[in-house]
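The chain contents come next:
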Amino acid sequence: MKALGNIFSFTFIQHIKQKGYRNATVIIALLCLLLPAAIMPAIEYFEEDDGYASKIEKVYVVEKDKSSEGAADYEVLNGADPGQFTNVAYEMAENVEEAAKKAEEDGYSIVLAVSVQEGGYQLDVLLPDETKLNKKDANAYEMFLSGAFRYILIQKSNLEVAQIAELTMPIETVVRDSGVSADDSDEYAAAKKVLATLLPYLNIMILYFMVLAYGQGTANAAIMEKTSKLMDLLLVSVKPGTMLLGKVFAMAASGVLQIFLWLAGLFGGVALGVRFTKMVNPNTDMALIQLVDSFGEFSGMFTVSGIILALLMMAAGLLLYCSLAAIGGAVAEKPEDLSSTNMLFVMALLVSFFATMYAGGSGAEVPWDAVTWQVWVPFTSILVAPTKIVLGVMSIPEAAASLGIVILTAALITIAAGKIYKMMSLYKGNPPSPKKLIEMMRGQR
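Residues numbered from 1 in each chain as written. Predicted model: local features only at pLDDT ≥ 70, side-chain atom pairs only at ≥ 80, totals over all residues. Heavy atoms only, no water.

Draft legend 1. Representation of the overall build of the chain in the model. Per the secondary structure count, the chain includes 17 helices and 4 strands. Considering the chain as a whole, with its 445 residues, one finds that 39% of them fall into the buried category. A fraction of 75% describes how many contacts in the chain between residues 6 or more apart in sequence connect residues 24 or more apart. Accessible area of the chain: about 25,000 Å², with a carbon and sulfur share of 61%. (Helix = DSSP H or I, 4+ residues; strand = E, 2+ residues; numbered from the N terminus. Buried < 20%, exposed > 50% of the residue type's maximum accessible area, 1.4 Å probe, protein only. Contact = heavy atoms within 4.5 Å. Areas by Shrake-Rupley, 256 points an atom, 1.4 Å probe, with all protein chains shown as cover.)

Here's what the structure looks like:
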């Protein structure tokens, strides 16, 4: 193992000096930095005011069914929604024709026809032929009525004022854990739910593609000396197992460096985006900014120890899959053989990916912490454990234990890959089958 450091440094430097690696790292890091910093303030600057400014000044009400007991005062609708239709005059009319004629003379009036059907009330909002209003105004008032008309029905029921107040009181429903006190309120429950939904998918997709890319790169690096006819020369000065270990560690380290640079760019971009957006509008209500501002209030989430363990888990996971890919590179004699020898790596990655996506986390009705075995199987834990650690679903001891399992598995696979590489260093011919490979390792032992 004396030459391990030299092989690691040489392979690492040669890989990060490649033009493709540098371009991908720099371009994506810049995009992660600049896109949030530019898009967030731009959205705030060009965002249109969603609040509807009512142009309706008067509504002529035509009640087609006169049998209902109790006359309703439609002026009560002005207090139904403080944000819209708060200063509208209401006037009763005998029929639609008379109401439409009066509405045409006003210019900013509409007609409301109220009728009782077999299944309930039907409300028709009518625009006169000659009017200064448009269909958007009528549609907005129709949507307003769908929620506010209950005030008219309450009036028609002849209830007492106290009873009406009880019926119109807002109702809030909260789903709580059995161990949480009813007095404990979590105003950030919605933000936590969004994070718990988005972060697992984001983590899985990033790690999946990074493992796929660097696993293939590790396999190619493992057979480089075989294809370049340098194997005989290297065997004199470097042990095959040492050379493979140095390559695996170097490839994993370059992948970890790339991921961390992208994450740093993303965090920096979001921080700049928040700052620039607040410069555009100090009172912004952008959901992402509210989420960032409330990070410190998330109990048990985004702790320093949790973030460190999550990053270590990502690094250990990348090393684990690179070690697995190195076995395929150790068995192969030429690049054409990788399609068959790297099947173990591909199958492990695909099975782990679909297991994490469909064995208890893909549906909104199934929480991400429902399937606990995923964090104890090393090949699946790297896809789900980082998010669970960051969100506080896993405790620090559990996270450390899961990380230890991943590191131990990666070490065992790396040692096995080194033995196979040493055993296959002078092997000539077609790649051996898994059964024959096991027999060869037993015979060597």
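Draft legend 2. Here's a closer look at the nonpolar core. Within the largest apolar cluster, 59 residues are counted, with the highest numbers of intra-cluster contacts made by Val-211, Tyr-214, Leu-244, Leu-318, Phe-345, Ile-382 and Ile-420. With 15 residues, helix α12 (residues 304–331) is the largest single contributor of residues to this core. Non-local contacts of Leu-244, meaning those with residues more than four positions away in its chain, are made with Ala-222, Ala-326, Ala-330, Ala-417, Gly-418 and Tyr-421. Among the nonpolar cores identified, the runner-up in size contains 20 residues, and Tyr-90, Ile-110, Leu-112 and Val-114 belong to it. (Core = buried A, V, L, I, M, F, W, Y, C linked by side-chain atoms within 4.5 Å.)

Draft legend 3. Structural detail: the side chain of Ser-402. With respect to the secondary-structure elements, Ser-402 resides in helix α16 (residues 396–423). Judged by relative accessible area, Ser-402 falls into the buried class, the value being 1%. Here the side chain of Ser-402 touches Val-375 through a polar contact of 2.6 Å, landing on its backbone oxygen. (Polar contact = N/O pair within 3.5 Å; in protein donor to acceptor, adjacent residues only side chain to side chain.)

Draft legend 4. Summary view of the packing of helix α1 (residues 4–16) against helix α10 (residues 240–280). Packing of α1 against α10 brings their axes to within 8 Å, and their N-to-C directions diverge by 40°. When the interaxial angle is binned, α1 and α10 end up oblique. As for how α1 packs across α10, the hand of that crossing is right-handed. Residues Leu-4, Ile-7, Phe-8, Thr-11, Phe-12, His-15 and Ile-16 of α1 touch α10, and the partners they reach there are Thr-242, Met-243, Leu-245, Gly-246, Lys-247, Phe-249, Ala-250, Met-251, Ala-253, Ser-254 and Leu-257. The residue makeup of the contact of α1 with α10, split by class, is 12 nonpolar, 5 polar and 1 charged. (Axes fitted to C-alpha atoms, helices over the stretch in contact; angles between N-to-C directions. Parallel < 35°, antiparallel > 145°, perpendicular 65-115°, else oblique. Left-handed = near helix turned anticlockwise from the far one by under 90°. Nonpolar A, V, L, I, M, F, W, Y, C, P; charged D, E, K, R; others polar.)

Draft legend 5. Expanded view of the pairing of strand β3 (residues 109–117). Where burial is concerned, most of β3 is hidden: 7 out of the 9 residues are buried. As judged from the 6 bridges shared by strand β1 (residues 58–63) and β3, these two strands associate in the parallel manner. Pairing of Tyr-60 across the sheet is with Val-111, part of β3. Bridging between β3 and strand β4 (residues 120–126) involves 7 bridges; their strand directions are antiparallel. If you follow Val-111 over to β4, its bridge partner there is Leu-126. (Pairing = 2+ DSSP bridges.)

This is a description of form; function is not addressed.
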